[in-house]
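Report on the structure
For reference, the chains in residue letters:
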Amino acid sequence: MLFCVAMMLTACSVSYKFNASSIDYSKTKTIQINDFPLRTAYVWGPMGPMFNNQLKDQYANHTRLIQVKRNGDLKVEGEITRYEQRNKSVSSEGYSAQTELSMTVNVRFTNNINHEEDFERQFTAQTTYETTQSLNDVQEELVTQMIKDLCDQIFNATVANW
């Protein structure tokens, strides 16, 4: 009896497949990702190329879509609209203890297969650092974190459909 139960348990299995996207590849084959220009008063030079490369890599690594220069089944475009810092908290001595750095991008998504999914939306990421640190010392690490967060948000809103 125990042998029969063991055979039934090994014969029945449940498998889950998670590929991080919900794309019908029989209809959707290409994606056009335009570079996002910097449209903000304060900029950090490497930020634009870092964002554009990470966004393209996100789709290349998590989908089977072919990236094209024009006429994609899906189209992602927009601009980086804000990059700013502000005091986040005050110490007991009355001085700024933490600074919040934030980055906002405006995204226009077009699904040429199903225009009901088209949208224009802003995505924001922020992180904090101790005011005792210089922004120049932590900027690359913080911007990298925010870009990853923004690209995850954009990817989830466009093709993950969670």
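Counting starts from 1 at the beginning of each chain's written sequence and moves along it residue by residue. Side-chain atom pairs in this predicted model are given and counted only at pLDDT of 80 or more, local residue features only at pLDDT of at least 70, and totals for whole chains, interfaces and linings cover all residues. The side-chain values count all of the structure's non-hydrogen atoms but skip hydrogen atoms and water molecules.

1. Observations concerning the nonpolar core
Here the nonpolar core consists of buried residues drawn from Ala, Val, Leu, Ile, Met, Phe, Trp, Tyr and Cys, with membership extended through side-chain atoms lying within 4.5 Å. Exposed residues in this analysis have more than 50% of their type's maximum accessible area, buried residues have under 20%, and partly exposed residues fall in between, with area computed by a 1.4 Å probe over protein chains only. Counting residues in hydrophobic clusters, the biggest one holds 35 residues, and the most contacted among them are Phe-51, Leu-55, Tyr-59, Val-76, Met-103 and Ile-154. By the criteria applied, helices consist of DSSP H or I runs no shorter than four residues and strands consist of E runs no shorter than two, each listed in order from the N terminus. Of all the secondary-structure elements, those providing two or more residues to this core are strand S1 (30-33), helix H2 (47-62), strand S3 (74-90), strand S4 (96-111), strand S5 (119-130) and helix H3 (135-160). No other element matches H3, which puts 11 residues into this core. Contacts are residue-level and defined by heavy atoms, with any inter-residue pair within 4.5 Å sufficient. When near neighbours in sequence (up to four residues on either side) are disregarded, Val-76 contacts Ile-31, Gln-32, Ile-33, Asn-34, Phe-36, Leu-55, Tyr-59, Val-107, Arg-108, Phe-109 and Ile-154.

2. Focus: unusual backbone geometry
Unlike most non-glycine residues, Asn-71 shows phi in positive territory, near 60°. Relative to the assigned elements, Asn-71 resides in the loop between strand S2 (66-68) and S3. With relative accessibility at 68%, the residue Asn-71 sits in the exposed group.

3. Re the packing of H2 against H3
Only the contacting stretch of a helix is used when fitting its axis, a line to C-alpha atoms as for every element, and angles between N-to-C directions run 0 to 180 degrees. Interaxial distance between H2 and H3 falls to 9 Å at its minimum, and their mutual angle equals 40°. Viewed along their axes, H2 and H3 adopt a mutual orientation that is oblique. In the packing of H2 onto H3, the handedness of the crossing is right-handed. Residues Met-47, Met-50, Phe-51, Gln-54, Leu-55, Gln-58, Tyr-59 and His-62 of H2 touch H3, and the partners they reach there are Glu-140, Val-143, Thr-144, Ile-147, Leu-150, Cys-151, Asp-152, Ile-154, Phe-155, Thr-158 and Val-159. Asp, Glu, Lys and Arg are counted as charged, while Ala, Val, Leu, Ile, Met, Phe, Trp, Tyr, Cys and Pro are counted as nonpolar; the rest, among them Gly, fall into the polar class. Taken together, the residues of the contact of H2 with H3 sort by class into 12 nonpolar, 5 polar and 2 charged. When an angle is under 35 degrees it counts as roughly parallel; over 145 it counts as roughly antiparallel; between 65 and 115 it counts as roughly perpendicular; any other value is oblique. The hand of a helix crossing depends on one turn: near helix anticlockwise from the far one by less than a right angle means left-handed, and clockwise means right-handed.

4. Here we look at H3
The term bend refers to the angle at a residue between two fitted axes, each drawn through seven residues, those ending there and those starting there. Maximum bend of H3: about 30°, positioned at Glu-141. For H3, the side-chain oxygen to backbone nitrogen distance between the N-cap and Asn-136 is 3.2 Å, and the N-cap itself is Ser-134. Whenever two N or O atoms come within 3.5 Å, that pair is a polar contact, provided that in protein one can donate a hydrogen and the other can accept it, and provided that, for residues adjacent in sequence, both atoms are side-chain atoms.

5. A closer look at the pairing of S1
Side chains Thr-30 and Gln-32 project from S1 onto one buried face, and the interleaved Ile-31 and Ile-33 project onto a second face that is buried too. In this description, strands pair whenever DSSP reports at least two bridges between them. Sheet topology places S1 next to S2; 3 bridges connect them, and they run parallel. Along S2, the bridge assignment pairs Gln-32 with Val-68. Seen with the strands pointing away from the viewer, any crossover whose path from the first strand over the helix to the second strand runs clockwise is right-handed. Remark: the S1/H2/S2 crossover connection has right-handed handedness. Bridge analysis of S1 against S3 gives 3 bridges, and the strand direction is parallel. The residue of S3 that forms the bridge with Gln-32 is Lys-75.

6. A word on the packing of aromatic side chains
Two aromatic rings, drawn from Phe, Tyr or Trp (for Trp, its six-membered ring), form a pair once their centres lie within 6.5 Å of each other, and the interplanar angle then sorts them: stacked below 30 degrees, edge-to-face above 60, tilted otherwise. Tallied over the entire structure, the rule returns 5 aromatic pairs. Between the aromatic rings of Tyr-42 and Tyr-83, the centroid separation amounts to 5.3 Å while the plane-to-plane angle is 0°, which identifies the pairing as stacked. Highlighted residues: Tyr-42 in the loop between S1 and H2 and Tyr-83 in strand S3, separated in sequence by 41 residues. Accessibility expressed as a relative area gives 2% for Tyr-83, which makes it buried. Each residue in the set Phe-109, Phe-119 and Phe-123 is aromatic and connected to the rest through ring pairs, giving one cluster. Arg-64 extends its terminal NZ or CZ atom over the ring of Tyr-25, reaching a point 3.9 Å from the ring centre. A cation over a ring is seen here: Arg-121 above Phe-119, with NZ or CZ 4.2 Å from the ring centre. Two conditions define a charge sitting above a ring: the NZ of Lys or the CZ of Arg must be within 6 Å of the ring centre, and it must be within 35 degrees of the ring normal.

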